[in-house]
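# Notes for the structure review
Residues per chain are reported as follows:
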Amino acid sequence: MTKKVAKAFAPGAISSFFEICRTNPDGSAITDLDHIGAIGGGFGLQLGVHTKVSVEETSENSIQVSINNRLAPEAKVTKNAAQRILSKVFKKYTVIVEHQIDVPIGMGFGTSAGGALTTCLALKEVLDLPLTYNQIGKLAHLTEIQSQTGLGTVSSLSVGGGLILVTEPGAPGVCKIDRIPLSPDYVIVAGFYDFKISKTILSSASNQRNVINRYGMQTLADILEQPSAEKFLSCCWQFAQKAGFASKRTCNLVRLAEKAGAVGAAQNMIGEAVHALVLEEKAFSVIEAFKQVLPENQVLCCKVDFQGVRLVNNDNKATI
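Starting from 1, residues in each chain are numbered consecutively following that chain's sequence as written. In view of the model being predicted, local features appear only for residues whose pLDDT reaches at least 70, and side-chain atom pairs are presented and counted only at 80 or more, with totals across whole chains, interfaces and linings using the full set of residues. Working from all heavy atoms in the structure, the side-chain values ignore hydrogens and water.

### Some details on the side chain of T111
Counting from the N terminus, the helices are the DSSP runs of H or I reaching at least four residues and the strands are the DSSP runs of E reaching at least two. Mapping T111 onto the fold places it in helix α2 (residues 111-126). In this view, T111 contacts V49, I101, V103, P104, I105 and G106; residues no more than four positions away in its chain are not counted. Every residue pair with non-hydrogen atoms within 4.5 Å of one another is taken to be in contact.

### Overview of the pattern of salt bridges
Whenever a carboxyl oxygen of Asp or Glu lies within 4 Å of a side-chain nitrogen of Lys or Arg, that contact is scored as a salt bridge. Inspection of the entire model under this criterion finds 8 salt bridges. Between E57 and K91 there is a salt bridge; the shortest N-O distance is 4.0 Å. Taken together, the residues span a long stretch of sequence, with E57 in strand β2 (residues 37-58) and K91 in the loop between α1 (76-86) and β5 (92-101) at a distance of 34 residues. Two residues, E288 and K291, come together in a salt bridge whose shortest N-O distance is 3.2 Å. Burial here depends on accessible area, computed with a 1.4 Å probe over protein chains only, as a share of the maximum for the residue type. Under 20% is buried, over 50% is exposed, and the range in between is partly exposed. Among the residues examined, K291 registers a relative accessible area of 31% and is labelled partly exposed.

### Focus: the packing of aromatic side chains
Centre distance and the angle of the planes are the two values used to describe a pair of aromatic rings. Each pair of aromatic rings taken from Phe, Tyr and Trp, with Trp reduced to its six-membered ring, is defined by centres within 6.5 Å and is described as stacked if the planes are under 30 degrees apart, edge-to-face if over 60, and tilted in the remaining cases. For the structure on display, the rule yields 7 aromatic pairs. Their ring planes at 80 degrees and their centres at 6.3 Å tell us that F109 and F192 sit as a pair that is edge-to-face. With F109 in the loop between β5 and α2 and F192 in strand β8 (residues 186-192), the pair connects residues that are 83 residues apart, well separated along the chain. The same class applies to F109 and to F192, which are both buried. Both rings, one in F239 and one in F245, keep their centres 6.3 Å apart while their planes meet at 40 degrees; by these two values the pair is tilted. Comparing F239 with F245, the two get one shared label, buried. Put simply, the rings of F17, F18, F43, F232, F239 and F245 touch in pairs and so form one group of aromatic residues. Only lysine NZ and arginine CZ atoms are considered, and such an atom sits over a ring when it is within 6 Å of the ring centre and within 35 degrees of the ring normal. Above the face of the Y215 ring, R214 is positioned so that its terminal group lies 5.0 Å from the ring centre. Positioned above the aromatic ring of Y193 is the side chain of R249, whose terminal nitrogen or guanidinium carbon lies 4.0 Å from the ring centre.

Structure (structure tokens):
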């Protein structure tokens, strides 16, 4: 059999606030994984996860994953996502998944969701499976839930980009998503420290989770009262502080961004990183402000993505 290849791209996905949704109103656990998720909001980025999937027919299924040209046996979310797609076909395949990731990993840029979703989309394409975006997204969502690497990022990536609000939780097709209109004249400038925050709170029943949910619910209500980019970022930064995520270093980055002319800034969920929304003409000032306290390779600037996950051609242009 000739090797078949397909490629997909998922924007980087910054979550600016969230509420963990694993229980029913009566406190009982949600048993349908399609309905587990998060409410929240954030931005899609034109930097993200580029995935190439190659398959050849063989006698037994095997999956190999690499990240940025390095074999990545630890990439269990991607491997599990591929296995979900392979379970839908009778033939056996050798699958090679190659991720090129141009945002920081494990710092709140949505790389695990992006990896799972692009793998499912590209593998669906190369195997010619009849699946919709919501059906593909559900497979990636279930993989993230069971791997405890995320809650709602797949849903936002599945249906588009821009400044996204997830107003009801769940997998694609179950959740409800809205957007705050955003001019393409804006860019995101992000600064991040080399420190990864544990995501165990996504599954724990701790007091911190209760605090997060209380302020997450209030944040969404406050944003919807006056939905604008400025209000969104102001509310999200308050959320980070009240929910206990803000550190001295992220507080300093937010102050630097606002002083340099950003519309607003908030902390990545979950990571010791800050994202600022800036008119493109003022981006240099915010970048330079961040570089006062961070090395150049820990500051990034990119445009907002308005499309969401998509297949790409070999020349890396999105298919229409």
